[in-house]
Structures are given as C-alpha cells and as structure tokens.
Amino acid sequence: MGRPTFFRQRILTQASSLESKGLLNYLISEIKARREVSLEEAVLIARDVQHYLKTEHLTRGTGQLVFPGIEGRDNYQKRSR
C-alpha cells in the first residue's frame with residue numbers, strides 16, 4: 001500500500017519542481033541568504049535583476065545551447081615556415 005494518488009499527480013509534481021528551479025526563485029533564495037532581507041524585498045530585487053538580465057545579457061532563449069565551432073577549415077594542413 002501507499003498513499004492515495006490522484007489524476008495527473010506526477011505532472012503537477014514535475015511542474016512545481018521546475019517552477020522551484022527557475023531563475024527567479026534562485027535569485028530570491030540567494031538574495032535572502034546573502035543580504036538578509038525580507039521575502040517581499042527579495043522578490044522585488046530579484047524581479048529587477050531578472051529584468052536586467054533578460055534585457056541586457058541573456059541573448060539565448062530557453063532550451064538553446066551554443067557550441068563554439070572551430071574557425072576556418074585549414075587547421076590541420078601543413079604550414080610553411
């Protein structure tokens with residue numbers, strides 16, 4: 001036996017897990033831990049930081065990966081001195 005489950009419980013659990021691992025919640029927890037401010041102030045600061053990061057520094061969308069490529073095709077050719 002176990003505890004009773006309900007319809008789509010796993011989906012709701014996974015959604016709340018992803019929400020708790022988001023950037024905003026990470027910023028709130030870090031600000032609260034480092035600056036010892038209240039939850040309301042930490043939320044306001046984290047929203048400002050998130051807005052700044054989105055407008056200024058985050059150029060990739062969610063789920064995008066960047067792999068730096070090797071420049072040029074002549075990297076493995078013999079070079080004259």
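Just so we're clear, the structure is a prediction, and the values are computed from it rather than from any experiment.

A. Representation of the overall build of the protein chain. Secondary structure summary: the protein chain contains three helices and zero strands in total. Listing each helix as α and each strand as β along the protein chain from the N terminus yields α-α-α. For the protein chain, the residues scored as buried account for 10% of the 81 residues in total. Per element, the accessible surface of the protein chain, about 8300 Å² overall, is 54% carbon and sulfur.

B. Up close: the environment of Glu41. With respect to the helices and strands, Glu41 occurs in helix α3 (residues 39-57). The spacing of Glu41 and Ile28 is 13 residues in sequence and 9.1 Å in space, taken between C-alpha atoms.

C. Quick look at the confidence of the model for the protein chain. With 68% of its residues at a pLDDT of 70 or more, the protein chain shows a mean pLDDT of 78. Across the protein chain, the secondary-structure element scoring lowest on mean pLDDT is helix α1 (residues 9-20), at 76, and the one scoring highest is helix α2 (residues 23-35), at 90.

Calculation rules
- Residues numbered from 1 in each chain as written.
- Predicted model: local features only at pLDDT ≥ 70, side-chain atom pairs only at ≥ 80, totals over all residues.
- Heavy atoms only, no water.
- Helix = DSSP H or I, 4+ residues; strand = E, 2+ residues; numbered from the N terminus.
- Buried < 20%, exposed > 50% of the residue type's maximum accessible area, 1.4 Å probe, protein only.
- Areas by Shrake-Rupley, 256 points an atom, 1.4 Å probe, with all protein chains shown as cover.
- pLDDT = per-residue confidence, 0-100.

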